[in-house]
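Residue-level structure breakdown
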Amino acid sequence: GEQVEQRPPHLSVREGDSAVITCTYTDPNSYYFFWYKQEPGASLQLLMKVFSSTEINEGQGFTVLLNKKDKRLSLNLTAAHPGDSAAYFCAVSAANNYAQGLTFGLGTRVSVFP
Amino acid sequence: DPKIIQKPKYLVAVTGSEKILICEQYLGHNAMYWYRQSAKKPLEFMFSYSYQKLMDNQTASSRFQPQSSKKNHLDLQITALKPDDSATYFCASSQERGENTEVFFGKGTRLTVV
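Everything quoted here is computed from the prediction, not taken from an experiment.

**Looking at the overall build of chain B**
- In terms of regular secondary structure, chain B is built from zero helices and eleven strands.
- Taken from the N to the C terminus, the helices and strands of chain B come in the order β-β-β-β-β-β-β-β-β-β-β.
- On C-alpha atoms alone, chain B measures out to a radius of gyration of 13 Å, which is about the 13 Å that the 2.2 N^0.38 rule sets for 114 residues.
- For chain B, the C-alpha atoms occupy an extent of roughly 40 × 30 × 30 Å along the three principal directions.
- Across the 114 residues of chain B, 48% fall into the buried class.
- Contacts in chain B between residues at least 24 apart in sequence constitute 54% of all its contacts with a sequence separation of at least 6.
- For chain B, the exposed area adds up to about 5,800 Å²; of that, 49% sits on carbon and sulfur atoms.
- Here chain B carries 15 positive and 11 negative side-chain charges, and the mean point of each set is 5 Å from the other.

Have a look at this one:
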């Protein structure tokens, strides 16, 4: 089955700097790709969903890059601020529906310091 | 205003006992899911239900039984609890398919089995 490897497990970032989290996956037929943010004690909040073959998407304070050829998904936090301190998870869907569930990475704990 | 309600937020149970985790969603979704998050493991897909019917069961033993009394309810009954069942259990929901669909998560129930 699908396996998702996420790196790094921990990240300390100075406020204003950028940081990159990367996930690699194994199933070349994977269909949808997600980044979630989880603050302590809170639910998972969807940051972005992508599905095109190679895609760069910009959100508020971050950029997501998908490279299906390399089976790689990355999240770039630009100009980190204290509100970005959280755990970030990538997730992959094997099909164009969610019946088989999402396969998650192990997560990256990001700490933003002044 | 939470759209996916999980109860209780915290639960302590004795080994061998039985507990029910409650989940209700008010997003009008036709599919609901259970995921488990254990220490040092990725968020793990357990079950998917669509229109109150089981779609997929990935990793859970028969001690874990989803129960859907209404379209927007998917409870999780766990019998013969073991300390290894200690984890945070997340309920999620979505429309079953579609490029514009997203998977939303509840805040989780943290279960500790002693």
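Still more ground to cover, so stick around.
**Points about the nonpolar core**
- Within the largest apolar cluster, 25 residues are counted, with the highest numbers of intra-cluster contacts made by Trp-35, Val-64, Leu-73, Leu-75, Tyr-88 and Val-110 of chain A.
- Every element with two or more residues in this core is listed here: β2 (10–14), β3 (19–25), β4 (32–38), β5 (44–50), β7 (62–67), β8 (72–77), β9 (86–93) and β11 (108–113) of chain A.
- Ignoring any residue separated from it by four or fewer positions in sequence, one finds Leu-73 of chain A in contact with Ile-21, Thr-22, Cys-23, Phe-33, Phe-34, Trp-35, Val-50, Val-64, Leu-65, Leu-66 and Cys-90 of chain A.
- Ranked by size, the runner-up nonpolar core spans 21 residues in total, among them Leu-21, Cys-23, Met-46 and Tyr-89 of chain B.

**Some words on empty space enclosed by the protein**
All names here are of chain B.
- Under the counting rule described, the total for this entry stands at one cavity of 30 Å³ or more.
- Of the voids in this model, the largest cavity is the one considered here, and its volume is about 40 Å³.
- Along the walls of the largest cavity sit Asn-30, Ala-31, Met-32, Tyr-49, Ser-50, Tyr-51, Gln-52, Ser-68, Lys-71, His-73 and Leu-74, which together make up its complete lining.
- Listed by contribution, the elements that provide at least two residues to the lining of the largest cavity are β4 (31–37) and β5 (44–50).

**Quick look at the packing of aromatic side chains**
- Enumeration over the complete set of coordinates arrives at eleven aromatic pairs over all chains.
- Taking the centre distance of 4.9 Å and the plane angle of 85 degrees together, the rings of Tyr-31 of chain A and Tyr-32 of chain A count as edge-to-face.
- The exposure class assigned to Tyr-32 of chain A is buried, which follows from its relative accessible area of 1%.
- When the centroid spacing of 5.3 Å and the interplanar angle of 55 degrees are considered together, the rings of Tyr-35 of chain B and Phe-105 of chain B count as tilted. Taken together, the positions of Tyr-35 of chain B in strand β4 and Phe-105 of chain B in strand β10 (residues 104–105) put the pair 70 residues apart, joining distant regions of the chain. Each member of the pair, Tyr-35 of chain B as well as Phe-105 of chain B, carries the same accessibility label: buried.
- An aromatic cluster of three or more residues is present, and its members are Tyr-31, Tyr-32, Phe-34, Tyr-36 and Phe-104 of chain A together with Tyr-35, Phe-45 and Phe-105 of chain B.
- Above the plane of the ring of Tyr-32 of chain A lies Lys-49 of chain A, whose end atom (NZ or CZ) is 4.1 Å from the centre.
- Of note, Arg-36 of chain B hangs over the ring of Phe-64 of chain B, and the distance from its end group to the ring centre comes to 5.3 Å.

**Topic: the pattern of salt bridges**
- Scanning the entire structure with this criterion turns up four salt bridges over all chains.
- For the salt bridge of Glu-44 of chain B with Arg-36 of chain B, the shortest nitrogen-to-oxygen distance reads 3.3 Å.

**Things to note about the interface of chain A and chain B**
- On the chain B side, the residues contacting the 20 residues of chain A number 26 residues.
- Taking both sides of the interface into account, the surface hidden between chain A and chain B amounts to around 1,900 Å²; carbon and sulfur atoms contribute 56%.
- The tally of links from chain A across to chain B stands at zero salt bridges.
- Put simply, chain A and chain B have four residue pairs in polar contact (both at pLDDT 80 or more) between them.
- Put simply, the parts of the chain that give the side of chain A that touches chain B at least two residues each are β4, β5 and β10 (102–104) of chain A.
- Along the lines of polarity and charge, the residues of the side of chain A that touches chain B split into twelve nonpolar, seven polar and one charged.

Definitions and limits used
- Residues numbered from 1 in each chain as written.
- Chains lettered and ligands numbered in written order.
- Predicted model: local features only at pLDDT ≥ 70, side-chain atom pairs only at ≥ 80, totals over all residues.
- Heavy atoms only, no water.
- Helix = DSSP H or I, 4+ residues; strand = E, 2+ residues; numbered from the N terminus.
- Rg over C-alpha atoms; globule rule 2.2 N^0.38 Å.
- Buried < 20%, exposed > 50% of the residue type's maximum accessible area, 1.4 Å probe, protein only.
- Contact = heavy atoms within 4.5 Å.
- Areas by Shrake-Rupley, 256 points an atom, 1.4 Å probe, with all protein chains shown as cover.
- Lys, Arg positive; Asp, Glu negative; His and termini not counted.
- Charge placed at Lys NZ, Arg CZ, Asp CG, Glu CD.
- Core = buried A, V, L, I, M, F, W, Y, C linked by side-chain atoms within 4.5 Å.
- 1 Å grid on protein atoms, 1.4 Å probe; cavity = no way out; pocket = protein on both sides within 12 Å on 5 of 7 lines; lining within 4 Å.
- Points joined across faces, edges and corners; volume = space filled by probe spheres on them.
- Phe/Tyr/Trp six-rings, centres within 6.5 Å; stacked < 30°, edge-to-face > 60°.
- Lys NZ or Arg CZ within 6 Å of the ring centre and 35° of its normal.
- Salt bridge = Lys/Arg side-chain N within 4 Å of Asp/Glu carboxyl O.
- Buried area = accessible area lost by both parts, 1.4 Å probe.
- Polar contact = N/O pair within 3.5 Å; in protein donor to acceptor, adjacent residues only side chain to side chain.
- Nonpolar A, V, L, I, M, F, W, Y, C, P; charged D, E, K, R; others polar.

Honestly, that's just the spatial picture; any functional story needs more than this.
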